Amino acid sequence: MKILSIETSCDETSVAIVEDRTVLSNVTSTQIEEHKIYGGVVPEIASRRHTEAISQVCAEALKQAGLAYSDIEAVAVTFAPGLIGALLVGVNFAKGLALSLDVPLIPVHHLRSHIAANYIDTPDLKPPFLCLLVSGGNTVIAEVADYTSFKIIGGTLDDAAGECLDKAARCMGLNYPGGVNLDKIATLADNKKYPLPYPKVSTGKYDFSFSGLKTAVLNLVHNAKQKGEEIDIPVVCATIRQRVCDMLINNTINAAKEFGHKSIVLAGGVSANSELRSRMESECKRLDIKLYCPPLKYCTDNAAMVGAQAIYEYESGNVSDSSLNAIATLPIDYRS
Ligand code: KG4
């Protein structure tokens, strides 16, 4: 089934044509350069740029796939969670397109798509597996029992891991998206000497807390500035990256052991983090667990992953009509 899929949940306008797990085209117009000057995404600007870009991006995706609108058999769209104004652009475009082509409209949850990025060109990956989903706005450990059946077993109580890395990077003057630059600069450090905390969590044993770590970095940087002291930026970057990775890896590996999972899937933008990938690889190898990481080009927001999840949503009967609305916050285990 040839599915035209649309992603506009944050700052990338992306349209892809996906057939089963094969990507026929994936075209993304990024707004990063424009948001960079503000140090983060400005929601109103994001919505406007999606509106300007979406028709062209869609036409280009069809062209690159060598298809016409009449070849499209379904339209899929990210409807939740995300920036509400940004989501609405994609949802309304998808509704109009599905109606005019007279094809099914498939609503897709953004975090489910991030997991599905791993399905692309990887036929051997099938549920059940354990997933660590780490992005700019979410940090969740979930058991994926089936393609559309999820059980959350841990998550952040405050900030997402990506938010912690991005804000820490911003306060050290690194360009947006900070987590990417923090990862690069951390590799230049020769030690991890800064006394940053490991936030403790007293709820579920697989839950996380990152806000204390973020605040500790902000305080460290501001105190140094007030005293006119230099901070060693690569070493701070390496220390915070190590703390975040320790928490993510420990919880995920312990959960895999407790629930007997022999496959772990990484998903979300932070799954591109080089330390997270390499340490997870060696831990999984040591424990004889199979690790799946999305290709780097599908780690951050894109429409190919929406199409990869859409086929399973369609097969499970998750099809919508023109009353589909965008939702800013929705857990991955929602029932349609
Ligand atoms: O999944 P994503 O694109 O957006 C959300 O859906 O939230 O994730 C964005 C996060 C940001 O925190 C960004 O700094 C991080 O992913 N990220 C990376 C890399 N690319 C994106 N972190 C480290 N290395 C990268 N190459």
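Structure shown above.
First, a word on what this report is: a plain description of the structure on this page. (Residues numbered from 1 in each chain as written. Predicted model: local features only at pLDDT ≥ 70, side-chain atom pairs only at ≥ 80, totals over all residues. Heavy atoms only, no water.)

### Digging into the overall build of the protein chain
Which entries qualify depends on this criterion: Numbered from the N terminus, helices here are DSSP runs of H or I no shorter than four residues, and strands are runs of E no shorter than two. In this setup the radius of gyration rests on C-alpha atoms only. A globule is expected at 2.2 Å times the number of residues raised to 0.38. Only protein chains enter the area calculation, which uses a 1.4 Å probe; residues under 20% of their type maximum are buried, those over 50% are exposed, and those in between are partly exposed. Throughout, a residue-residue contact means that at least one pair of heavy atoms, one from each residue, lies within 4.5 Å. Areas reported here follow the Shrake-Rupley algorithm with a probe of radius 1.4 Å; residue values treat only the protein chains shown as occluding. Positive: Lys, Arg. Negative: Asp, Glu. His and the chain ends are not part of the count. To locate a charge, the coordinates of NZ of Lys, CZ of Arg, CG of Asp or CD of Glu are taken.
When helices and strands are counted, the protein chain shows 10 helices and 10 strands. Over its C-alpha trace the protein chain gives a radius of gyration of 20 Å, about what one expects of a compact globule, namely 20 Å for 336 residues. Taking the principal axes of its C-alpha atoms as reference, the protein chain extends roughly 65 × 45 × 30 Å. For the protein chain, the proportion of its 336 residues judged to be buried stands at 53%. Considering only contacts within the protein chain whose residues lie at least 6 apart along the sequence, 73% involve residues at least 24 apart. For the protein chain, the computed accessible surface area is about 14,200 Å², with 51% contributed by carbon and sulfur atoms. Each charge class in the protein chain was averaged separately, 31 positive and 38 negative side chains, and the resulting centres sit 6 Å apart.

### Looking at unusual backbone geometry
Put simply, A80 and P81 share a cis peptide bond, and its omega is -20°. Turning to its location among the elements, P81 is positioned in the loop between β4 (74-80) and α3 (84-101). Here P127 and P128 are connected by a cis peptide whose omega angle stands at 5°. Following the sequence through the fold, P128 ends up in the loop between α4 (110-116) and β6 (129-134). The phi dihedral of D20 is positive, around 55°, even though this residue is not glycine. As for its placement among the helices and strands, D20 is situated in the loop between β2 (12-19) and β3 (22-30). Its identity as a non-glycine residue notwithstanding, D121 has a phi of 60°, on the positive side. For D121, the position within the fold is in the loop between α4 and β6.

Read these as layout, nothing more, since geometry by itself doesn't imply function.
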